[in-house]
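Breakdown of the fold
Next come the chains, spelled out residue by residue.
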Amino acid sequence: MTSESAATTPSHLATASQATWDRQSLLGLAIPLGLVAIFGLYPALQANASAREAMFTVLMAVALASSLNILLGYTGYVSFGHIVFFGLGGYIGFWVIDEWGLHLLPAALLGGLVSAALAFLLGLAILRLRGAFFALATIGINEAMKALVVNLPFLGGPTGLELHFSVYRNYGGPARALWLSYWSLVVVAVIVVVVSYLVKKSKFGLGLMAIREDEDAAEIMGVVAPRTKTWAYMLSAFFPGIIGVLFFFKNGIIEPASAFRLHISIELLVVIMLGGAGTVLGPVLGAAFYQRLRGLLLTTEFFKDIQLAVAGALLLLIVLFIPGGAIGWLRSWHRFPALRRVLE
Amino acid sequence: MTATVSAGDGILLRVDHVTKQFGGLTAVKDVSFELPEGLILGIIGPNGAGKTTLFNCINGVYPPTRGQILFRGKRLTGLPTYRIARLGLARTHQIVRPLNELTVLENTMVGACYGRENLSLRQARHVAYEVLELVGLAAKAQALAGTLNVAQKKRLELARALASRPYLLLLDEVLAGLNPTEVSAMVETIRQIRERGVTIIIIEHIMHAIMNLSDHVIVLNYGEMIAQGTPAAIAADPRVIEAYLGNPELAEKLLTIDRSAA
């Protein structure tokens, strides 16, 4: 059973591997954070609005995908309708800015909290469902929320809301307001990546991954799955709520059709699967790559109308051939075991 | 029947007239027994006798249709599995359930983190290494659980359960599928676990192993407990021989193995 050396190694192994583990796993945080910092600072160096708009899209995808990854990648629950939290948070924040004149930052926080609260309530009902049933329920919720908003006059019904131009005056003019929403997004993206890393490295994250691998076995080991899943769902809904407020504040207009776009949910899945579900770096890489690809397709005559079909085909190919995504694939290289420890 | 077990009487688990029905099928029928602390209880019986169902009733996978189960004086009936796990009751699965995409160490840490002692990640890592050493998997700590062979996966089941520092350990056929060398190594490991003060219930088909390990044996057949007693008494019981062992010759052989091993 045990060789003599095996009997002496473990405690020694535990401390030695502890030290290297800490150092290498810090790289696992530094790499994705570095990338986010580069994306975030690029428009400031360029000092132009179009670079800022391009990077807004990339960082938004990074932050949305990383949030969804907490549920999809760590917990193994596929939410197809995750954009509902982006839309709902966006609406709530937009409304309080427009109606009460609340500042963008508390409004964004409020949007996040409302989305998390919705996730809590929904979680009570649908987190009991497993696999495809959960995924279907999330689509239903997005559509239901869209229909609800269309029928709420104070949120502008089907035509939505438009920010009074005067609102931007509180921020020193529209240009400064747009930069404020951009820098807020950069900060949120950084926070999401750090949270994603901390969750993965925590006891909570270990519980989530145990649920992902075998929920019943995890419960038999003492993981309180209902509570743990609810926290994951709320966390993954909180940030999209904030991001929705930042995005629609920047746009100055919000309407049901743009707030609850189901296809963005699907694109987020492509982003996560492309980079690698359940990894910290995956959604960051996936977002950058996918947004670049999308930009190229949209500006190509042949592809511009079938851009979503390409995304769908891409998702199919990833699921079939590299289910671990780019990072999962790199981590599985046996010749470079160090990659396993550096790429989180 | 309603009295709670006082802490002092040394009874760790009391199974009280437990019945489990699935539709028209009675998988476990009116089973009662008491398990004092520190013993190894063996459960034997033909396939489909209700052994695993009984385990599932004890650790909360199924609520019993009738009857109740008391563990350290607490009613387990109706509690979810995770609550029961945290009270100090751990189990292994007959069909192994490794968390494939996690490492052997992480699998074991789940047991330690969420078990009876509710350890922090750092403490859990230490306990996990200690337990992996005991079951002989320390060298595989960093391997993904999905890459282990069957014998190693059985050991991982055991490691995860042990890492939770249980008072009571339910072992569901941990020896099945192992070769003779692996069996005797595992039997040795189980003995070591008992020496650490863990009470054990073991379901097993490998007769000489269970007869050697158990202090007390109960026999299930079609969900009913048809006999209980010391291993020697069980092996000599005509009802058991008839129901389970099939023919007296085999029983005779068993007894010889038992004697030679002891």
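See the structure shown above.
The rules we used
Residues numbered from 1 in each chain as written. Chains lettered and ligands numbered in written order. Predicted model: local features only at pLDDT ≥ 70, side-chain atom pairs only at ≥ 80, totals over all residues. Helix = DSSP H or I, 4+ residues; strand = E, 2+ residues; numbered from the N terminus. Contact = placed C-beta atoms within 7 Å. Core = buried A, V, L, I, M, F, W, Y, C linked by C-beta atoms within 7 Å. Buried ≥ 20, exposed ≤ 12 C-beta atoms within 10 Å, placed from the backbone. Domains from an automatic or database assignment. Expected span 1.5 Å × (residues − 1). Bend = angle between axes of the 7 residues up to and from the residue. Pairing = 2+ DSSP bridges. Axes fitted to C-alpha atoms, helices over the stretch in contact; angles between N-to-C directions.

1. Some details on the overall build of chain B
Scanning chain B from N- to C-terminus turns up ten helices and ten strands. Long-range pairs, those at least 24 residues apart, make up 65% of the contacts in chain B with a sequence separation of at least 6.

2. As for the nonpolar core
For soluble globular proteins, the rule of thumb is that nonpolar side chains tend to be buried together. With 186 residues, the main nonpolar core has Leu-59 and Ile-243 of chain A as its most contacted residues. Looking at this core, you find at least three residues from each of domain 1 (11-88 + 167-226) and domain 2 (96-163) of chain B. Beyond its immediate stretch of four places on either side in the chain, Ile-243 of chain A contacts Met-60, Ala-63, Leu-64, Phe-86, Leu-185 and Val-188 of chain A.

3. Some points on helix α2 (residues 49-75) of chain A
Residue and element names in this part refer to chain A. Taking 1.5 Å per residue as the helical rise, α2 with its 27 residues ought to reach 39 Å, and the 38 Å between its terminal C-alpha atoms agrees with that figure. When the local axis directions of α2 are compared, the greatest deviation, roughly 45 degrees, occurs at Asn-69. A large share of α2 lies buried, amounting to 21 of its 27 residues.

4. Quick look at the sheet that holds strand β2 (residues 25-36) of chain B
Residues and elements named next belong to chain B. If you walk across this open sheet you meet the four strands as β2-β1-β4-β5, and the pairing is antiparallel. In this open sheet, the two strands that pair with only one neighbour each are β2 and β5 (74-75). Strand direction decides the pairing type here: strand β1 (residues 11-22) and strand β4 (residues 66-71), joined by five bridges, are antiparallel. Counted as the bridge partner of Thr-19 is Arg-66 from β4. Against the sheet, helix α1 (residues 51-58) makes contact with β1, β2 and β4, and its axis sits at roughly 65 degrees relative to β2, the strand it touches most.

5. What to know about the sheet that holds strand β8 (residues 199-203) of chain B
All names here are of chain B. Pairing in this open sheet of six strands is mixed, and the strands run β6-β7-β8-β3-β9-β10 from one edge to the other. The sheet terminates laterally at β6 (89-91) and β10 (224-229), the two strands that pair on one side only. Neighbour to neighbour, the strand axes of the sheet diverge by 20 degrees on average, direction disregarded. Relative to strand β7 (residues 168-172), β6 is paired through three bridges, and the arrangement is parallel. Within the sheet, the bridge partner assigned to Leu-89 lies in β7 and is Leu-168. α1 contacts β3 (40-44), β6, β7, β8 and β9 (216-221) of the sheet and is inclined by roughly 150 degrees relative to β7.

6. Some details on the pairing of β3 of chain B
All names here are of chain B. Of all five residues that make up β3, five are buried, and the element is covered over most of its length. Side chains Ile-40, Gly-42 and Ile-44 project from β3 onto one buried face, and the interleaved Leu-41 and Ile-43 project onto a second face that is buried too. Looking at chain direction, β3 and β8 are connected through four bridges and run parallel. In the strand pairing of β8, Ile-40 is matched with Ile-200. In this structure, β3 lies alongside β9, joined through four bridges in parallel fashion.

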